[in-house]
Amino acid sequence: MTDAHTAGPFIAAIDQGTTSSRCIVFDKDGRIVSVDQKEHEQIFPKPGWVEHNAAEIWTNVQEVVAGALSKAGITRDDVKAIGITNQRETTLLWDRATGEPVHNAIVWQDTRTDALCRELGRNVGQDRFRRETGLPLASYFAGPKVRWLLDNVEGLRERAERGDILFGTMDSWVIWNLTGGVDGGVHVTDVTNASRTMLMNLHTMAWDDKILTSMEVPAAVLPEIRSSSEVYGTAKGGVLDGVPVASALGDQQAALFGQTCFSEGEAKSTYGTGTFMLMNTGGTPVNSYNGLLTTVGYRIGDQAPVYALEGSIAVTGSLVQWMRDQMGLIKSAAEIETLALSVEDNGGAYVVPAFSGLFAPYWRSDARGVIAGLTRYVTKAHIARAVLEATAWQTREITDAMTKDSGVELTALKVDGGMTSNNLLMQTLADVLDAPVVRPMVAETTCLGAAYAAGLAVGFWPDTDALRANWRRAAEWTPRMDADRRRSEYKNWLKAVERTMGWIEHEE
Ligand SMILES: Nc1ncnc2c1ncn2[C@@H]1O[C@H](COP(=O)(O)OP(=O)(O)O)[C@@H](O)[C@H]1O
Ligand SMILES: O=P(O)(O)OC[C@H](O)CO
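Residues numbered from 1 in each chain as written. Chains lettered and ligands numbered in written order. Predicted model: local features only at pLDDT ≥ 70, side-chain atom pairs only at ≥ 80, totals over all residues. Heavy atoms only, no water.

Student: Sorry, what's going on with the site of ligand 2 here?
Tutor: All residues in the neighbourhood of ligand 2 are listed as Gly 17, Thr 18, Gln 87, Arg 88, Glu 89, Trp 108, Tyr 140, Asp 251, Gln 252, Thr 273 and Phe 276. Arg 88 places a side-chain nitrogen or oxygen 3.0 Å from an oxygen atom of ligand 2. Between ligand 2 and Glu 89 there is a distance of 2.6 Å, counted from an oxygen atom to a side-chain nitrogen or oxygen. Relative to its unbound accessible area of 310 Å², ligand 2 is 89% covered by the protein chains. Among the residues making up the shell around ligand 2, the classes are represented as 3 nonpolar, 5 polar and 3 charged. (Near = heavy atom within 4 Å. Polar contact = N/O pair within 3.5 Å; in protein donor to acceptor, adjacent residues only side chain to side chain. Areas by Shrake-Rupley, 256 points an atom, 1.4 Å probe, with all protein chains shown as cover. Nonpolar A, V, L, I, M, F, W, Y, C, P; charged D, E, K, R; others polar.)

Student: Got a minute to help me understand the UniProt feature "domain: Carbohydrate kinase FGGY C-terminal" (unreviewed entry) in the protein in this structure?
Tutor: Residues given the UniProt feature "domain: Carbohydrate kinase FGGY C-terminal" (unreviewed entry) here are residues 268-457. Secondary structure within residues 268-457 divides into 35% helix and 21% strand; the distance between the first and last C-alpha atoms comes to 23 Å. (UniProt positions renumbered as here; feature names shortened; annotations may be inferred. Helix = DSSP H or I, 4+ residues; strand = E, 2+ residues; numbered from the N terminus.)

Student: What am I meant to see in the sheet that holds strand 22 (residues 437-440) here?
Tutor: Strand pairs in the sheet, formed through backbone hydrogen bonds, run parallel or antiparallel to each other. Ordered in space as 17-18-16-15-21-22-23, the 7 strands form an open sheet in which the pairing is mixed. Sheet topology places strand 17 (293-298) and strand 23 (473-477) at the edges, where each strand pairs with a single neighbour. Taking the axes of each pair of neighbouring strands and ignoring which way they run, one obtains an average angle of 30° across the sheet. Contacting strand 15 (267-271), strand 16 (275-282), strand 18 (306-313) and strand 21 (413-416), helix 12 (residues 380-406) crosses the sheet at an angle of about 145° to strand 18. (Pairing = 2+ DSSP bridges. Axes fitted to C-alpha atoms, helices over the stretch in contact; angles between N-to-C directions. Contact = heavy atoms within 4.5 Å.)

Student: Could you clarify how one ought to interpret the site of ligand 1 in this entry?
Tutor: Surveying the vicinity of ligand 1 reveals 16 residues, the closest of which are Thr 19, Thr 273, Gly 317, Gln 321 and Gly 418. Protein chains shield 78% of the accessible area of ligand 1, which is 580 Å² for the free molecule. It is helix 10 (residues 317-325) that contributes the most residues to the shell around ligand 1, 4 residues altogether. Residues belonging to the shell around ligand 1 are distributed by class as follows: 5 nonpolar, 10 polar and 1 charged.

In structure tokens, the structure reads:
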């Protein structure tokens, strides 16, 4: 155990993420007792395609759960509940009778359904989807991926219509396997994950028949939609045998929960592979006119759902990985800070990482990445700065859109995720947002949120006030940038963004 004084009982949270699966054990104060983590393979069959092997992921999940319990020196008797959180939108279909996936999972970053989305836009209309589901038509979401699988895996549509096939995002896959798989596993998802499928009606919290018809997805494949915090079943077999499975939230919604953003207007931004900012908008789904998503924040048991506005940025931490792995300019992600600090500024260079188009607030699949403003003066250190600034300016565009849509001015931003260990980035963020940036003591807010939701469901914590009391500030950055410089840098950034648009010429 990390803390010898920590006494049980505990809650375990499983985070099935884009690059890895991890399990964290938490105590009653929301402190981390143990962590285990394992990466899985990223499969790139064609440019723009990204897949995961779901069987590998389930094996890894079992391993990290066993690893976390063993590191904590505890058994299932010490674990009061398990919470699940997951990479959202990543889509899997599997055989109900054998438990075999019919194809690799199609990952949220995958762009193979671009043409399908454009066709749906022409035939059904953008507005229909946005009105009912809160989402723009984009390859990011699960519904078009399900349709692609049904259209492209031979014989699958017939099997799906017969009721032999199950669909799920990774929450459903993990819960079904945990609760017994072919031996009575429960086939459920929660409202937050369902709200990312493009198949759920945001107002009724049920699958939308008309959308299912337009998307040509048979209802027989769909999981039951449940709240984010309730007991779905108990684990069957394995090291957690008999422990209640008591929460599921998409990872970004889990981070909102873990950051205890329970009041309207509270927001968090999570800096990982991509960056996702969510603002709690209370009991009302707020329509976005500025390129944000309307989504479900969470739903506790039979209470009313809480909605959120979301700004999703596809590429932030993965730009740092690209600089390390593809460009070879740094040896580790952390090294980007030292390199960037070796110069005063970006030397006039701007990097816009529209690697697979641009997500919020543009939703342009025809955009591709650019490095703008190059001269002979620019060195790799300037590029390192521009790479970090790209994350900050992309966040600024999201906070501007949030203010326009919600009318709420940003007073401070709660942050978390792997990139927040970069002090220069956090300072730059405070500078470009012109608002303080605050990081909590427990930076693993995604797992913490899933643990909190599971703990609430089994009475481990009494209510959200008890969770709020656990939140502690670890670090804060305040703005230092001169207003004129902020204005001119923002202008340059927006000019660079413009240069990315229309690079891909779609054939209709
Ligand atoms: N010191 C750092 N500076 C900049 N980026 C970093 C740093 N450390 C990690 N990262 C980036 O953060 C990401 C990992 O964060 P994490 O929250 O674990 O992501 P995810 O949950 O999406 O897998 C990677 O993309 C990595 O490039
Ligand atoms: O697994 P992460 O942290 O990259 O998060 C992915 C998001 O849920 C995608 O919507």
